[in-house]
Amino acid sequence: SVLLLGTALLCVGLVALDDRAETRPPTLVGRLLGPVRGLAATIQWVRFNEERTHGRFDLAYERAESALEFDPQSPAGWMVFAHHLAFDRGAPGMAPDDAARLAWFEAGLSVLDRGREQTTFPRDLWFMRGTFLTAQAEYGEDCVWPGGPREALLEAARAFEASGDSELARNLRAKAAEQE
């Protein structure tokens, strides 16, 4: 827990130094918490991890949502929650069937989409969306994305393009073309 807290605080500090940030007004909760909103969010992320580790997912998701409400501008929280939904809950063997795996994966993408509207680093969340879709394509036969790995790669390319990484988008389009 101490290591997780330290890592989270380091991430919050690094994000604060990033000059790519877009200016977005803080939420009402963020304004009320003022300079401690990042710390409040970090505490909730520690609690999220504790609940998640013990399989208390409803409580974990309440903690995650409150952390996101406390500090919606940081992309790190959106990424952590989205990754948990898409890959922890939506992993082969974790969900009962492909429909459930796809639902969890889409829930993770939905968190990234919500985050793009609120974070000061939307391009980072576009990049993460592309990363998620590329990972889904790598599942091969276990890929649950509609249209399979090829369509997942094409969707990932669109996300990387939106993130500003045109070269990676081009490479993924070429890889998708090889799968035709």
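This structure is a prediction, so every number in the text was calculated from the model and none was measured.

The rules we used
Residues numbered from 1 in each chain as written. Predicted model: local features only at pLDDT ≥ 70, side-chain atom pairs only at ≥ 80, totals over all residues. Heavy atoms only, no water. Helix = DSSP H or I, 4+ residues; strand = E, 2+ residues; numbered from the N terminus. Buried < 20%, exposed > 50% of the residue type's maximum accessible area, 1.4 Å probe, protein only. Contact = heavy atoms within 4.5 Å. Areas by Shrake-Rupley, 256 points an atom, 1.4 Å probe, with all protein chains shown as cover. Core = buried A, V, L, I, M, F, W, Y, C linked by side-chain atoms within 4.5 Å. Salt bridge = Lys/Arg side-chain N within 4 Å of Asp/Glu carboxyl O. Polar contact = N/O pair within 3.5 Å; in protein donor to acceptor, adjacent residues only side chain to side chain. Axes fitted to C-alpha atoms, helices over the stretch in contact; angles between N-to-C directions. Parallel < 35°, antiparallel > 145°, perpendicular 65-115°, else oblique. Left-handed = near helix turned anticlockwise from the far one by under 90°. Nonpolar A, V, L, I, M, F, W, Y, C, P; charged D, E, K, R; others polar. Expected span 1.5 Å × (residues − 1).

**Student:** Could you give an account of the overall build of the chain, with specific residues and numbers?
**Tutor:** Counting its secondary structure elements, the chain contains 9 helices and 0 strands. Each helix and strand of the chain, ordered N terminal to C terminal, gives the series α-α-α-α-α-α-α-α-α. Out of the 180 residues in the chain, the part that is buried amounts to 42%. Pairs at least 24 apart in sequence give 60% of the contacts found in the chain among residues at least 6 apart. On the chain, roughly 9,500 Å² of surface is accessible, and the fraction owed to carbon and sulfur atoms is 58%.

**Student:** Report on the nonpolar core, specifying residues and quantitative values.
**Tutor:** In terms of nonpolar packing, the biggest core is built from 38 residues, with Phe 81, Phe 105, Phe 132 and Trp 145 touching the most fellow members. Mapped by element, the contributors of at least two residues to this core are α3 (37-53), α4 (57-70), α5 (75-89), α6 (98-118), α7 (122-138), α8 (148-163) and α9 (166-178).

**Student:** Any chance you could break down the pattern of salt bridges for me, citing the residues and the numbers?
**Tutor:** Counted under the stated rule, the structure contains 11 salt bridges. Between Glu 138 and Lys 175 there is a salt bridge, with the nearest N and O atoms lying 2.8 Å from each other. Here Glu 138, found in helix α7, pairs with Lys 175, found in helix α9; they are 37 residues apart in sequence, far enough to count as distant. Given the relative accessible area of 32%, Lys 175 is considered partly exposed. The closest approach of N and O atoms between Glu 161 and Arg 173, which form a salt bridge, is 3.4 Å. Placement of Glu 161 in helix α8 and of Arg 173 in helix α9 is noted, with a sequence separation of 12 residues between them. Since its relative accessible area comes to 34%, Arg 173 is described here as partly exposed. Within the structure, one salt-bridge network assembled from shared partners comprises Asp 113, Arg 116, Arg 129, Glu 155 and Arg 158.

**Student:** Pulling in residues and values, what's your account of the side chain of Thr 42?
**Tutor:** Along the chain, Thr 42 falls in helix α3. In terms of polar contacts, Thr 42 uses its side chain to reach the backbone carbonyl oxygen of Gly 38, at 2.9 Å.

**Student:** Talk me through the environment of Ala 60; I want residue IDs and the actual numbers.
**Tutor:** By the secondary structure assignment, Ala 60 is in helix α4. Separated by 11 residues in sequence, Ala 60 and Asn 49 place their C-alpha atoms 7.0 Å apart. With residues near it in sequence (within four places) discarded, Ala 60 still touches Phe 48, Glu 51 and Arg 52.

**Student:** Describe the packing of α3 against α4, naming the residues involved and giving the relevant values.
**Tutor:** Remark: α3 packs on α4, axes separated minimally by 8 Å, with the N-to-C direction vectors making an angle of 165 degrees. On the basis of the axis angle, α3 is roughly antiparallel to α4. For the element pair α3 and α4, the recorded crossing hand is left-handed. Side by side, α3 and α4 meet where Arg 37, Ala 40, Ala 41, Gln 44, Trp 45, Arg 47, Phe 48, Glu 51 and Arg 52 of the first sit next to Phe 57, Leu 59, Ala 60, Tyr 61, Arg 63, Ala 64, Ser 66, Ala 67, Leu 68 and Phe 70 of the second. Classifying every residue of the contact of α3 with α4 by side-chain character gives 12 nonpolar, 2 polar and 5 charged.

**Student:** How would you explain α8 if you had to name every residue and give the values?
**Tutor:** With 16 residues, α8 extends 23 Å from end C-alpha to end C-alpha; this agrees with the ideal 22 Å at 1.5 Å per step. Within α8, burial applies to Gly 148, Ala 152, Leu 153, Leu 154, Glu 155, Ala 156, Ala 157, Ala 159, Phe 160 and Ser 163. Buried residues along α8 sit in contact with α7 and α9. With its phi angle positive at about 100 degrees, Gly 164 sits one or two positions after the end of α8.

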